[in-house]
Amino acid sequence: MSAPRATAADRVRRLLTIVPWIASHDGPTVADVCRRFGVSRSELVNDLQVVFLIGVHPFTPDTLIDVVLDDDRVWIDYAPVFDRPLRLTPEQALALLAAGRSLLDTPGVEDDGPLARALSKVADVAGIDPDRTLRVNLGEAQGSTLALLRTATDERRAVELDYYSHGRDERTHRLVEPHRVFAHDGNWYLSGHCRSAGGDRVFRVDRIEEAVLTDEPFEPPAEPAETGIYHARADDPRITLELSGPDHWVISTYPTEAVTVRDDGRAEVRLAVSGRPWLERLLLRLGPSARVIAADAPLGDDVGAAAARRVLERYTDDDRAPDIDGSGAEHRRDGADEA
């Protein structure tokens, strides 16, 4: 079986290792470079052709990395501009520290290793106390699951997942080719190709009930699909809601296709719906302060009322209607929010 094709990310990681090594060895032989980094001559040449284009603004010849390749040897010289000490703005330093702290909070990363020491030096130079300035929350996913998914991604092996789909409110068994593990808005996610669904999908790691590493290899795409939490499809149903002022958090929390804010402070918002259970939970959370203006046929204008009726039926005892006085109704509404 032929070796898997290198992805763009693989090439970047390789270049970040090869370029400084060549630059520090004053014309090593091409054979030595290929042997040390496990690449063919053609792969090395293709990589170095990218290096020719690396530099800083205004990208004139004197600001680009210089690469000289003859039949047997290769030289790399940095432009003089690269000799200048790196000076970060306060915003850049804070962003670098936040990204670094995110990596430190990743299971399996040493909290007293080289990365931690480097971040400490950056914080000292920038005059930032990271323990007081930064707070990184990367979700509640199990460390063992994250470690297994990273192994599967690195070794290009498919994984079997028992997964709870929040949008459809169901548990499914999936066979997935993992492409990337990443954090977004306080949660860990896995992106990859789901063989069971026949397409690229994104999974929230804390909703994976069980993950099993298989021996089935796969070849990742040269350019993995764009990572996203939810991308609306043309055939997904749409709904238009009227929201009160306090409910405008919906606009910044979910992808919207149209927003109109009226003079009275209420807003009309058009949303794509990934699944009916997700929409029902949203409407129950909003309560009577939100109103359905229009909904595509699969949803129906009474989707919120239908969900509320179904939840209330769960509290019916011996076919008797529930007692919905003020305090009882509030309790049931809280329970429905968690259902």
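In this text the structure is predicted, and so the values were computed from the model without any measurement.

A. Summary view of the sheet that holds strand β11 (residues 291–295). Strand order in the open sheet formed by 4 strands is β9-β10-β8-β11, with antiparallel pairing between adjacent strands. Both edges of this open sheet fall to β9 (256–261) and β11, since each of them pairs with a single strand only. Sheet twist, expressed as the average angle between the axes of neighbouring strands with direction ignored, equals 20°. Taken together, the 5 bridges between β9 and strand β10 (residues 267–272) define a ladder with antiparallel strand orientation. Looking at the pairing, valine 259 lines up with valine 269 of β10.

B. Just the packing of helix α1 (residues 8–23) against helix α3 (residues 41–51), in detail. Contact geometry of α1 with α3 gives a least axis separation of 11 Å together with a crossing angle of 85°. It follows that α1 is roughly perpendicular to α3 by the angle criterion. Counting all contacts with α1, which are made through Arg11, Arg14, Leu15, Ile18, Val19 and Ile22, the residues of α3 involved are Glu43, Leu44, Asn46, Asp47, Leu48, Val50 and Val51. Of the residues in the contact of α1 with α3, the class split is 8 nonpolar, 1 polar and 4 charged.

C. Local environment of the packing of aromatic side chains. A full pass over the atoms with the stated rule returns 3 aromatic pairs. Each ring, one from tyrosine 163 and one from phenylalanine 203, has its centre 5.0 Å from the other, and the planes form 85°; the classification is edge-to-face. Here tyrosine 163, found in strand β3 (residues 157–165), pairs with phenylalanine 203, found in strand β6 (residues 199–204); they are 40 residues apart in sequence, far enough to count as distant. Comparing tyrosine 163 with phenylalanine 203 shows no difference in burial state: the two are buried.

D. Broad picture of the environment of arginine 73. With respect to the element layout, arginine 73 can be found in the loop between β1 (66–69) and β2 (74–77). Along the chain, arginine 73 and glycine 27 lie 46 residues apart, while their C-alpha atoms are 5.7 Å from each other. Other than its neighbours up to four places away in sequence, arginine 73 contacts Asp26, Gly27, Pro28, Thr29, Val30 and Val68. Reaching out from arginine 73, the side chain makes a polar contact with the backbone oxygen of glycine 27 at a distance of 2.5 Å.

E. Layout of the pattern of salt bridges. Going through the model one piece at a time under the given rule, you end up with 15 salt bridges. A salt bridge links glutamate 268 to arginine 262, with the nearest nitrogen and oxygen atoms 3.4 Å apart. Classification of glutamate 268 as partly exposed rests on a relative accessible area of 30%. Because the salt bridges share partners, they merge into one network encompassing Glu242, Arg262, Asp264, Arg266, Glu268 and Arg291.

F. Representation of helix α2 (residues 30–37) within the structure. Among all positions of α2, only Val30, Val33, Cys34 and Phe37 are buried. Taken down its axis, α2 places every buried residue within 95° of arc, on the same side. Residues of α2 that are exposed and point over 90 degrees away from its buried face: Arg35 and Arg36. Contacts made by the buried residues of α2 are with α1, α3, β1 and β2.

G. Main features of unusual backbone geometry. At aspartate 26, a residue that is not glycine, the phi angle is positive and equals roughly 50°. Secondary-structure assignment places aspartate 26 in the loop between α1 and α2. Phi angles above zero are rare outside glycine, and arginine 156 is one such case at about 55°. Here arginine 156 is to be found in the loop between α7 (143–155) and β3.

H. Local environment of the confidence of the model for the protein chain. For the protein chain, the mean per-residue pLDDT works out to 76, and 76% of the residues sit at or above 70. Across the protein chain, element-level confidence peaks in strand β7 (residues 208–217) with a mean pLDDT of 92 and bottoms out in helix α11 (residues 326–338) with 30. Across residues 318–339 the pLDDT falls below 50, and counting only partners more than four positions away or on other chains, this stretch makes 20 contacts in the model.

I. Region of interest: the pairing of strand β4 (residues 170–184). One ladder, built from 7 bridges, connects β3 with β4; its direction is antiparallel. The partner of serine 165 across the bridge, within β4, is glutamate 170. In terms of strand pairing, β4 meets strand β5 (residues 187–194) through 8 bridges, oriented antiparallel. The partner of phenylalanine 182 across the bridge, within β5, is tyrosine 189.

What counts, and at which threshold
- Residues numbered from 1 in each chain as written.
- Predicted model: local features only at pLDDT ≥ 70, side-chain atom pairs only at ≥ 80, totals over all residues.
- Heavy atoms only, no water.
- Pairing = 2+ DSSP bridges.
- Helix = DSSP H or I, 4+ residues; strand = E, 2+ residues; numbered from the N terminus.
- Axes fitted to C-alpha atoms, helices over the stretch in contact; angles between N-to-C directions.
- Parallel < 35°, antiparallel > 145°, perpendicular 65-115°, else oblique.
- Contact = heavy atoms within 4.5 Å.
- Nonpolar A, V, L, I, M, F, W, Y, C, P; charged D, E, K, R; others polar.
- Phe/Tyr/Trp six-rings, centres within 6.5 Å; stacked < 30°, edge-to-face > 60°.
- Buried < 20%, exposed > 50% of the residue type's maximum accessible area, 1.4 Å probe, protein only.
- Polar contact = N/O pair within 3.5 Å; in protein donor to acceptor, adjacent residues only side chain to side chain.
- Salt bridge = Lys/Arg side-chain N within 4 Å of Asp/Glu carboxyl O.
- Arc of directions from axis to C-beta.
- pLDDT = per-residue confidence, 0-100.

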